[in-house]
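Coordinates in review
Take a look at the letters that make up each chain.
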Amino acid sequence: MKSIMKTGTAIFIVVMTMTGCSTHQYDPALDKQITDFQSKADRQFVAWTAQAMTDNTQPASPVVACHAAPVVAGQPLLLISPLSEPDSAFFNSAETDLALIESRTKILNNNPAIEQQMFGLRNIFYQIKYKRQHCSQQDSPAYITLQRKQVAVIMQSMLTYELVLKNGTEAVNK
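Residues numbered from 1 in each chain as written. Predicted model: local features only at pLDDT ≥ 70, side-chain atom pairs only at ≥ 80, totals over all residues. Heavy atoms only, no water.

Details of the overall build of the protein
- Of regular secondary structure, the protein possesses five helices and zero strands.
- Counting over 174 residues, the protein shows a buried share of 32%.
- Sequence separation of 24 or more characterises 86% of the internal contacts of the protein that already satisfy a separation of 6 or more.
- For the protein, the accessible surface area stands at approximately 11,000 Å², while carbon and sulfur atoms represent 63% of it. (Helix = DSSP H or I, 4+ residues; strand = E, 2+ residues; numbered from the N terminus. Buried < 20%, exposed > 50% of the residue type's maximum accessible area, 1.4 Å probe, protein only. Contact = heavy atoms within 4.5 Å. Areas by Shrake-Rupley, 256 points an atom, 1.4 Å probe, with all protein chains shown as cover.)

Here we look at the packing of helix α3 (residues 85-108) against helix α4 (residues 114-134)
- The contact between α3 and α4 brings their axes to 11 Å, and the two run at 175 degrees. The angle between the axes of α3 and α4 places the two elements in the roughly antiparallel class. For the pair formed by α3 and α4, the contact residues are Asp-87, Phe-90, Phe-91, Glu-95, Leu-98, Ala-99, Ile-101, Glu-102, Thr-105 and Lys-106 on the first element and Ile-114, Glu-115, Met-118, Leu-121, Arg-122, Phe-125, Ile-128, Lys-129 and Arg-132 on the second.
- Residues of the contact of α3 with α4, tallied by class, amount to 10 nonpolar, one polar and eight charged. (Axes fitted to C-alpha atoms, helices over the stretch in contact; angles between N-to-C directions. Parallel < 35°, antiparallel > 145°, perpendicular 65-115°, else oblique. Nonpolar A, V, L, I, M, F, W, Y, C, P; charged D, E, K, R; others polar.)

Some remarks on the nonpolar core
- Phe-37, Phe-45, Leu-121, Phe-125, Ile-128, Val-151 and Met-158 are the most contacted members of the largest nonpolar core, which has 26 residues in total.
- Among the elements of the structure, α2 (28-54), α3, α4 and α5 (141-173) are those that each provide at least two residues to this core. (Core = buried A, V, L, I, M, F, W, Y, C linked by side-chain atoms within 4.5 Å.)

Remarks on α2
- Helix length check: α2, at 27 residues, gives a terminal C-alpha distance of 39 Å against a target of 39 Å (1.5 Å per residue), a fit within 8%.
- All of the buried residues along α2 are Leu-30, Asp-31, Ile-34, Phe-37, Ala-41, Gln-44, Phe-45, Trp-48, Thr-49 and Ala-52. (Expected span 1.5 Å × (residues − 1).)

Comments concerning the environment of His-24
- With respect to the helices and strands, the residue His-24 is situated in the loop between α1 (2-22) and α2.
- Residues His-24 and Asn-111, 87 residues apart in the sequence, show an inter-C-alpha distance of 8.5 Å.

Some thoughts on the packing of aromatic side chains
- Inspection of every chain in the model, using the stated rule, returns seven aromatic pairs.
- Where Phe-37 meets Phe-125, the ring centres are 6.0 Å apart and the plane angle is 85 degrees; that geometry is what we call edge-to-face. One end of the pair, Phe-37, is in helix α2; the other, Phe-125, is in helix α4, with 88 residues separating them in the sequence.
- Taking relative accessible area as the criterion, Phe-125 reaches 5% and is therefore assigned buried.
- Aromatic side chains Phe-45 and Trp-48 sit 5.5 Å apart centroid to centroid with 85 degrees between the ring planes, which places their arrangement in the edge-to-face category. Of the two residues, Phe-45 and Trp-48 are both situated in helix α2; the distance of three residues between them amounts to about one turn of the helix. Exposure class is identical for Phe-45 and Trp-48. Each is buried.
- Site record: aromatic cluster; members linked through ring pairs are Phe-37, Phe-45, Trp-48, Phe-90, Phe-91 and Phe-125. (Phe/Tyr/Trp six-rings, centres within 6.5 Å; stacked < 30°, edge-to-face > 60°.)

Remarks on the pattern of salt bridges
- With the rule as written, the count across this model stands at eight salt bridges.
- The structure contains a network of salt bridges with shared partners spanning Glu-95, Glu-102, Lys-106 and Arg-122. (Salt bridge = Lys/Arg side-chain N within 4 Å of Asp/Glu carboxyl O.)

What follows is the structure, encoded as structure tokens:
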């Protein structure tokens, strides 16, 4: 009888632990933050593409090679030229938005891939920022489109995860 009680207690503890670790609730505020950031980033990519397509200025002499940033996101940059005011405002706002999304996700223990997703997003924007500050040639529309697609894939995976949580929460509440 004691062994049955011990086994029952052990199973109860294991089930409660597993349930506690795997309960992820849909958070409408987080869903909105992700959606709002995706819209903001997409608008900025559209602006950069339009600028790249209409910019008829000749590159400054000498032309500086436009390679990927030699450092990872978060390290300070030595500037060749300052960012324009709209770019500076966007990059500052983007970092704030990403930090809020990341902290809310970690608090809620929602998305297990959040660290990789945040690193990917920050790295993409860091590379763009680096190129806009260090290269005398403007980004090509093709480069901007590629970066836009990469951001869209990451953001879509985050929104899909939120949709799965939302549908799961609605099914449980019925």
